[in-house]
Amino acid sequence: MLFNSYGFILGYLPLVWGGFFLIARHSRKLAALWLAAASVFFYGWWNVKFVPLLLASIVLNYAVGYAIGHARDARSARHLLAGGIVADLALLGLFKYANFFVDSINDVLGLNIELAKIVLPLGISFFTFTQIAYLVDVFRGIAKEYDFIHYVLFVTYFPHLIAGPVLHHKQMMPQFASASIYRPQYSSMGIGLTLFTIGLAKKVLLADSFGEYADPVFAAAKDGFEPKFIMAWTGALAYTFQLYFDFSGYSDMAVGLSRMFGVQLPVNFNSPYKAWNVIEFWRRWHMTLSAFLRDYLYIPLGGNRLGPARRHVNLMITMLLGGLWHGANWTFVAWGGLHGLFLVVNHAWHALRRRFGFPPGEPAGAARTAGVLVTFFCVVIAWVMFRADSLASGLLIAKGCVGLSGLALSQKLEGVGEILRSHGVNTANALVFTGWFEGNAALNLLGGVKITFLALTGFLLIWGFPNSQTLVLPECRKDHRVLSHPRFMFWLALTSGCMAAVALSSISKISAFLYYQF
């Protein structure tokens, strides 16, 4: 069941929302149980055979967490923590990476080891990371509540279960224990519904439209086609915008859905393409995953406490493993490695500035614009590797983006080639007139006008407007007086209503969110 499906919007959500507050009139415990059961049903809708796996993981981690919290001494607690984490990682490794490692060994050593194809359970990365954080927090004395129903709800809570945000025990348990969430709050309902609508519009109207341009380019590269400059950038930018609006849309919908129940989820997405360097980018993109990798991997490795060289090694390890977390493919490792390299260069640049008496700070004016453009270029090239089916096809598109594959222009401009050749310029394969999209039927059918309009819309929304949480969430717009003005609120409500009508009427085909596959 997808957030952007009629079944979810018109069936599941009203039933679960109404049932929750109706039951809460009589018993908060039963209402929490209803919401947990509904969340398990939501998960089982995808593939019911993985429900026992999810429940077994919950029971195991709850038991280990309880044992850690009641251990007689620190040594016993440490052993229990290590055992719990090893069990979680073993489960994740078996389902997510077993086929990948066997295939890699076969490729490198020329072997033919056969392993039955293991199907990846949906959301296993998210519920595993959530529970590893829980075990560590219990060991550190941060997590202390052991209500089992609340724990099940904490792990399975449907707005975050499939694609995040990655939650912490201490963020959610006090909310589940609070009496206020068991009474319908119509202001929260309005806020949640508005944010959900904006997220739905991003997904249905923008992300899916950009996907129609990204998919043909990456499919062609998968078949060995070498796209030239314009086609390569069409694919790279289309995927860059598709992923932005897809993940941003999902994050809005998750936070909005939770607000309808009176529960606040952490903001997970904060205009990352406005970042002026890669360090800032990672403070804005998938914020809860970045925090998890920092707190539970980078800092335990030593962080920046062991000198610059060790800090750079720790950054590379963290980003490589972060890349591998996204999927069992060398393309994700390459993507993580690129971002690790960007971060190392970024930190080295800051260190050089400090040495010459220019402490790094938030730039302004032209320096800021230049920083945003350089960061955006790096991020786009890295997304190419992230999206590609293989390293080889990713390199083909990256090669086209930097101009090494030449330029293809419209056939109507063939006269330009004749003029150049008449002046002795040998264009050879560097300049061809096979059409802007080089005869790719899927792209030619869609036409250049639509992609130009979409790209301009994307640029305007990303860089020209405040993000959706700043527009909608009271805690985010409190510093912007104009956004709290009644007239603005009226227009926001009116616009949201129009967006809801358009988005709902545009759900012609149901497409999964990109982060569901991670």
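Structure: above.
Parameters at a glance
- Residues numbered from 1 in each chain as written.
- Predicted model: local features only at pLDDT ≥ 70, side-chain atom pairs only at ≥ 80, totals over all residues.
- Heavy atoms only, no water.
- 1 Å grid on protein atoms, 1.4 Å probe; cavity = no way out; pocket = protein on both sides within 12 Å on 5 of 7 lines; lining within 4 Å.
- Points joined across faces, edges and corners; volume = space filled by probe spheres on them.
- Helix = DSSP H or I, 4+ residues; strand = E, 2+ residues; numbered from the N terminus.
- Nonpolar A, V, L, I, M, F, W, Y, C, P; charged D, E, K, R; others polar.
- Axes fitted to C-alpha atoms, helices over the stretch in contact; angles between N-to-C directions.
- Parallel < 35°, antiparallel > 145°, perpendicular 65-115°, else oblique.
- Left-handed = near helix turned anticlockwise from the far one by under 90°.
- Contact = heavy atoms within 4.5 Å.
- Patch = residues over 30% accessible without salt bridge, like charges linked within 9 Å, V, L, I, M, F, W, Y side chains within 5 Å.
- Areas by Shrake-Rupley, 256 points an atom, 1.4 Å probe, with all protein chains shown as cover.
- Salt bridge = Lys/Arg side-chain N within 4 Å of Asp/Glu carboxyl O.
- Buried < 20%, exposed > 50% of the residue type's maximum accessible area, 1.4 Å probe, protein only.

Now for the layout of surface pockets. The calculated volume of the largest pocket comes to roughly 1100 Å³. Contributing to the lining of the largest pocket are 35 residues, with Asn277, Val278, Ile279, Glu280 and Asn346 lying nearest its centre. The dominant element in the lining of the largest pocket, judged by the number of residues it contributes, is helix H14 (residues 330-355), at nine residues. Classifying every residue of the lining of the largest pocket gives 20 nonpolar, nine polar and six charged.

The next subject is the packing of helix H10 (residues 229-260) against helix H19 (residues 448-464). Running from N to C, H10 and H19 cross one another at 45 degrees; their axes reach a closest spacing of 11 Å. Here H10 is positioned oblique relative to H19, judged by the angle of their axes. The handedness of the crossing between H10 and H19 is left-handed. Contacts between H10 and H19 involve Thr234, Phe241, Tyr244 and Phe245 from the first element and Ile451, Ala455, Gly458, Phe459, Leu461, Ile462 and Trp463 from the second. Residues of the contact of H10 with H19, tallied by class, amount to nine nonpolar, two polar and no charged.

There is a patch of nonpolar side chains on the surface, built from Ile105, Val108, Leu109, Leu111 and Ile113 and spanning about 480 Å² of accessible area. Structurally, Leu109 is set in helix H4 (residues 74-109).

In this approach the atoms are scanned with a rolling probe the size of a water molecule, which exposes any empty space left behind. Overall, the coordinates contain one cavity of 30 Å³ or more when judged by the stated rule. Looking at the largest cavity, its volume works out to about 50 Å³. Along its surface, the largest cavity is lined by Leu195, Ser251, Asp252, Val255, Val267, Asn268, Phe269, Gln469 and Leu473. At three residues, the largest contribution of residues to the lining of the largest cavity is made by H10. When the residues that make up the lining of the largest cavity are grouped by side-chain class, the tally is five nonpolar, three polar and one charged.

All told, the structure shown has twelve salt bridges when counted by the stated rule. Where Lys203 meets Asp246, a salt bridge forms, and the shortest distance between an N and an O atom there is 2.6 Å. Within this pair, whereas Lys203 is found in helix H9 (residues 186-222), its partner Asp246 is found in helix H10, the two being separated by 43 residues in sequence. Comparing Lys203 with Asp246, the two get one shared label, buried. Among the ionic pairs, Arg284 bridges to Glu280, the shortest N-O distance being 3.0 Å. Highlighted residues: Arg284 and Glu280, both in helix H11 (residues 278-284), separated by four residues, approximately one helical turn. Glu280 shares its class with Arg284; the two are buried. Connected through shared salt-bridge partners, Lys203, Asp208 and Asp246 make up one network.

Further remarks concern the packing of H9 against helix H22 (residues 486-505). At a closest axis distance of 9 Å, the pairing of H9 and H22 adopts a crossing angle of 45 degrees. By the angle class used here, H9 and H22 are oblique. Viewed along their axes, H9 and H22 form a crossing whose handedness is left-handed. On the side of H9, the interface is formed by Thr194, Thr197, Ile198, Leu200, Ala201, Val204 and Leu205, while H22 contributes Leu492, Ser496, Met499, Ala500, Val502, Ala503 and Leu504.

Honestly, that's just the spatial picture; any functional story needs more than this.
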